[in-house]
Amino acid sequence: MSGFISSSIARKVAMALSALFLIIFLIIHLAVNLTSLFSEDLFNELSHFMGTNPLIQFAMQPVLIFGVVFHFVMGFVLELRNKRARNVKYAKFNGAASASWMSRNMVFSGAAILAFIVLHFIDFWIPEINTKYVLGDMSGVLPGQEGYRYFEELQHKFVPIWRVAAYVVAFIFLGLHLAHGFQSAFQSIGFNNKYTKCVKNLGVIYSIVIPLGFIIIALCHHFNH
């Protein structure tokens, strides 16, 4: 077992499974956030459910956090090992000959996304913890405000243009990261060549639609606050 876990194949499979988990999470996250564009009440209700449901909070959320940390740590480990392998004196490696620019620079897009996740946690997750366990879930953003504060908080965060710009840039990096990572994840878990074209096309669509959806949300709330 220890030999399997330490093998390069096991690391790639583990990396792919964590990527697929996060791919599914992004779909759910975008679906919930899109409701903020047409229904404040629905967005508040969904956000309240996601933020208070015991199964989500004490089972799925820890798994999500672990998945994010694991994915990035494993990504940097694989990049380090690949870099060492390419530096072997007797084997000259020409990455451009067999790999795209994005596939050779996944670690940089990953680092940019990681920086964005830190900002996102500061913007939303930490205030959510403060609201739930210190202020109370119905406290709202402003003194004396009634009702759930999720929608108002979302709009409030997207008022500064620098934050909107940071989110847009981060989601562009996410799109570039997904453009290679989506197909790579399926290949790592054993999808055969029969489905390669389909997976590649689906990956292109996903890597455009998901980041674009988040970008549209940020821009809409900035210009309509």
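Please read these numbers as outputs of a predicted model, since none were measured by experiment.

K.L.:
Looking at this structure, how should I read the pattern of salt bridges?
P.N.:
Pairing between side chains of opposite charge can happen when their charged atoms approach one another. Applying the stated rule across the entire model yields one salt bridge. One salt bridge connects Arg163 with Asp123, and the closest N-O pair in it is separated by 2.8 Å. One end of the pair, Arg163, is in helix α9 (residues 161–188); the other, Asp123, is in helix α7 (residues 106–135), with 40 residues separating them in the sequence. Just as Arg163 is buried, Asp123 falls in that class too.

K.L.:
Just checking my understanding: could you explain the side chain of Ser36 for this structure?
P.N.:
By secondary structure assignment, the location of Ser36 is in the loop between α2 (8–34) and α3 (40–52). Of note is the side chain of Ser36, whose polar atom sits 2.6 Å from the backbone oxygen of Asn33. Within the structure, Ser36 has its side chain in polar contact with the side chain of His221 (distance 2.9 Å). Once residues lying within four places of it in the same chain are set aside, the contact partners of Ser36 are Phe43, Phe151, Leu154, Ile217 and His221.

K.L.:
Whenever I open this one, the packing of α3 against helix α8 (residues 150–157) confuses me. Can you help?
P.N.:
Across the interface, α3 lies against α8 with an axial gap of 8 Å and an inter-helix angle of 105°. Looking at the two axes, α3 sits roughly perpendicular to α8. In contact with Glu40, Phe43, Asn44, Ser47 and His48 of α3, α8 contributes Tyr150, Phe151, Glu152 and Leu154. Considering only residue class, the contact of α3 with α8 consists of four nonpolar, three polar and two charged.

K.L.:
Hey, could you run me through the environment of Leu37 in this one?
P.N.:
Within the secondary structure layout, Leu37 lies in the loop between α2 and α3. Sequence separation between Leu37 and His221 is 184 residues, and the spatial gap between their C-alpha atoms is 7.9 Å.

K.L.:
When you look at α9 in this model, what are you seeing that I'm missing?
P.N.:
For the α-helix, the turn length of 3.6 residues means that residues three or four positions removed from each other point alike. Its 28 residues place the ends of α9 39 Å apart at the C-alpha level, agreeing with the 40 Å of an ideal helix rising 1.5 Å per residue. The sharpest bend along α9 measures roughly 35° and falls at Leu178. Of the residues trailing α9, Gly190 is marked for its positive phi of about 105°.

K.L.:
In this structure, what is going on with the nonpolar core? I would like to understand it.
P.N.:
Soluble globular proteins tend to bury their nonpolar side chains together. Judged by nonpolar contacts, the single largest core of 36 residues is most densely connected at Leu26, Tyr167, Phe171 and Tyr206. In terms of residues, this core owes the most to one element, α9, which gives nine residues. Excluding anything up to four places from it in sequence, Leu26 contacts Leu174, Leu178, Tyr206, Ile210 and Phe214.

K.L.:
Hey, could you run me through the packing of α9 against helix α10 (residues 196–223) in this one?
P.N.:
To describe two helices that pack against each other, one gives the angle between their axes and the distance between the axes. Remark: α9 packs on α10, axes separated minimally by 8 Å, with the N-to-C direction vectors making an angle of 170°. Comparing their axes, α10 and α9 come out roughly antiparallel. Crossing of α9 against α10: the hand is right-handed. In the contact of α9 with α10, the residues fall into 18 nonpolar, seven polar and one charged.

K.L.:
Before we go on, may I ask you to explain the packing of aromatic side chains in this structure?
P.N.:
Remark: the centre distance and the inter-plane angle together describe each pair of aromatic rings, the angle taken between the planes. Counted according to the given criterion, the structure contains eleven aromatic pairs. When the centroid spacing of 6.5 Å and the interplanar angle of 75° are considered together, the rings of Phe43 and Phe151 count as edge-to-face. Of this pair, Phe43 sits in helix α3 while Phe151 is found in helix α8, placing the two residues 108 residues apart along the sequence. Pair check on accessibility: Phe43 and Phe151 agree, each one buried. Aromatic side chains Phe66 and Phe70 sit 5.8 Å apart centroid to centroid with 25° between the ring planes, which places their arrangement in the stacked category.

K.L.:
Could you clarify how one ought to interpret a nonpolar patch on the surface in this entry?
P.N.:
A cluster of nonpolar side chains, Leu34, Leu37, Phe38, Leu42, Val204, Ile205, Ile208, Val209, Leu212 and Ile216, forms an exposed patch at the surface whose accessible area comes to about 870 Å². The dominant element in the nonpolar patch, judged by the number of residues it contributes, is α10, at six residues. You can see Ile208 is positioned in helix α10. With relative accessibility at 49%, the residue Ile208 sits in the partly exposed group.

Quick notes on the rules
- Residues numbered from 1 in each chain as written.
- Predicted model: local features only at pLDDT ≥ 70, side-chain atom pairs only at ≥ 80, totals over all residues.
- Heavy atoms only, no water.
- Salt bridge = Lys/Arg side-chain N within 4 Å of Asp/Glu carboxyl O.
- Helix = DSSP H or I, 4+ residues; strand = E, 2+ residues; numbered from the N terminus.
- Buried < 20%, exposed > 50% of the residue type's maximum accessible area, 1.4 Å probe, protein only.
- Polar contact = N/O pair within 3.5 Å; in protein donor to acceptor, adjacent residues only side chain to side chain.
- Contact = heavy atoms within 4.5 Å.
- Axes fitted to C-alpha atoms, helices over the stretch in contact; angles between N-to-C directions.
- Parallel < 35°, antiparallel > 145°, perpendicular 65-115°, else oblique.
- Nonpolar A, V, L, I, M, F, W, Y, C, P; charged D, E, K, R; others polar.
- Expected span 1.5 Å × (residues − 1).
- Bend = angle between axes of the 7 residues up to and from the residue.
- Core = buried A, V, L, I, M, F, W, Y, C linked by side-chain atoms within 4.5 Å.
- Left-handed = near helix turned anticlockwise from the far one by under 90°.
- Phe/Tyr/Trp six-rings, centres within 6.5 Å; stacked < 30°, edge-to-face > 60°.
- Patch = residues over 30% accessible without salt bridge, like charges linked within 9 Å, V, L, I, M, F, W, Y side chains within 5 Å.
- Areas by Shrake-Rupley, 256 points an atom, 1.4 Å probe, with all protein chains shown as cover.

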